[in-house]
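A structural walkthrough
For reference, the chains in residue letters:
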Amino acid sequence: APSKLSLFDLTRSTKGRGGMIGVGGLHRLRPVGSSRRCLHLRRRFQSRDNSRSKNKPIPGLSWVSVCASSSDSEAAALAGKSDDAVSLEDVFGIKGSVRFEEGRGGLVKCVLTHVCGSSCEVYLYGANVLSWKQASGDEVLYCRPDSKFDKTKAISGGIPICFPQFGPGELKQHGFARDTAWSVGATSADYNPDDKDPCVELVLESSAETKESGFQHDFRVSYSVTLHRETLQTDFRVINTGKEAFEFTAALHSYFEVAGVEKASVDGLGGLKYFDKIPDPNAPEEKVEKDKAVKFVGETDRVYTSAPSEVILDVGTGAGVQIQNENWSDCVVWNPWTAMEACYKEFVCVENAKASEKVKLEANESWRARADFSVIDLI
């Protein structure tokens, strides 16, 4: 449910996350707690499962700012809006943990590197986590071969962000967040020398462009991406900074590489109601999932409602991707099948979403959702 907050609240609770607050241009943080253990992967898509138990809430850790002066905050906020990788590196780079550089098409990306050897790449265009690699160097996410990196459209792959609309509607498909340049709000790395958790916070705020797109509201979105050893952690917060209420839907449109779509399956959705969008995306049919595991035997586009806090994608290698979340109430499963002949066998999308019901935020209210992604052994 939405919560009241002060826009100058400088603390949050996120145990195990090398995270930062989502308000203010702060860029150096220190933890006042301890981090937790995570996974140690043996080889591609295989690991010991030291994960949290099903439906168990993600525990918390408090963070406080080290550079809280208004001048530092204003300078960092201004620097965070730059589209120059060198300038961003000067202000927000953290040696060995966080760096900014040019990526594909000359787009700026933030590279997070954990001391265990895992890494991820977050493009500022669309706040898209385009790459997430295990310590072995193996990629978990998928980028479609038809992806564009010239800002003519959203990047097709990784984890695009759908906001303030999921799917079709009054705004353009999936909203504007995925094809808009975000600014850097903060970076951090856990000061624990044995577990430096690199993290970047990206920010999207209302502007003339967002209002021209049809969303006539004042808002701030804070999106934090953290590497806790080989686990990818995301924290998504929407804040109503205006005087009037507004509604939205949202999703993390995650693409995962699989060893053949017909070998892949999603566990944890059995018995749930879902909307099947294949017959008619504008009037989806309501059905009930009869199978324990969702398999792919044709074009698939489903929105599962009242989804559990954990689902597991079997990638077809004897291991899988464990997806744990808080407050993403829906789970979307998508594969285009032969509509994308060149690549449909290589990926599936399992998406954390708030899609079947809109979130309504009054003035000064916020809505927050989190998702953790881990590779686990299924054998």
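Just above sits the structure.
In this report, we go over the structure that sits alongside the text. (Residues numbered from 1 in each chain as written. Predicted model: local features only at pLDDT ≥ 70, side-chain atom pairs only at ≥ 80, totals over all residues. Heavy atoms only, no water.)

1. A short note on the pairing of strand E15 (residues 231-240)
Regular strands place side chains that alternate from one sheet face to the opposite one. Across the ten residues that make up E15, a large majority, ten, are buried. Across ten bridges, strand E14 (residues 219-228) lies against E15 in antiparallel orientation. Along E15, the bridge assignment pairs Phe219 with Asn240. Where E14 folds back onto E15 in an antiparallel hairpin, the turn is made up of two residues, including Arg229, whose phi is positive at roughly 50°. Both E15 and strand E27 (residues 365-377) contribute to a ladder of eight bridges, which runs antiparallel. Along E27, the bridge assignment pairs Thr234 with Ala371. (Buried < 20%, exposed > 50% of the residue type's maximum accessible area, 1.4 Å probe, protein only. Helix = DSSP H or I, 4+ residues; strand = E, 2+ residues; numbered from the N terminus. Pairing = 2+ DSSP bridges.)

2. A look at the pattern of salt bridges
Overall, the coordinates contain 15 salt bridges when judged by the stated rule. Where Asp235 meets Arg368, a salt bridge forms, and the shortest distance between an N and an O atom there is 2.7 Å. Note that Asp235 is positioned in strand E15 and Arg368 in strand E27, a separation of 133 residues in sequence. Relative accessible area serves as the criterion here: at 4%, Asp235 is assigned to the buried category. Residue Arg368 is classed as partly exposed on the basis of its relative accessible area, which comes to 22%. Here Lys287 ties to Asp276 by a salt bridge, and the two come within 2.9 Å at their closest N and O atoms. (Salt bridge = Lys/Arg side-chain N within 4 Å of Asp/Glu carboxyl O.)

3. Overview of helix H2 (residues 85-92)
Here H2 has its buried residues at Ala85, Leu88 and Phe92. Looking straight down H2, one finds its buried side chains confined to an arc of 65°; they lie on one side. Residues of H2 that are exposed and point over 90 degrees away from its buried face: Val86 and Asp90. (Arc of directions from axis to C-beta.)

4. A short note on the sheet that holds strand E9 (residues 119-123)
As summarised here, the arrangement of the four strands in space is E7-E8-E9-E10, forming an open sheet in which the pairing is antiparallel. Pairing within the sheet leaves two strands with one partner each, and these edge strands are strand E7 (98-102) and strand E10 (128-133). In this sheet, adjacent strand axes meet at a mean angle of 20° when their direction is disregarded. Alignment of strand E8 (residues 108-113) against E9, held across five bridges, turns out to be antiparallel. Bridging across to E9, Leu112 finds its partner in Cys120. The sheet strands contacting H2 are E7 and E8, and the helix crosses E7 at an angle near 175°. (Axes fitted to C-alpha atoms, helices over the stretch in contact; angles between N-to-C directions. Contact = heavy atoms within 4.5 Å.)

Shape is all these values report; function is a separate question.
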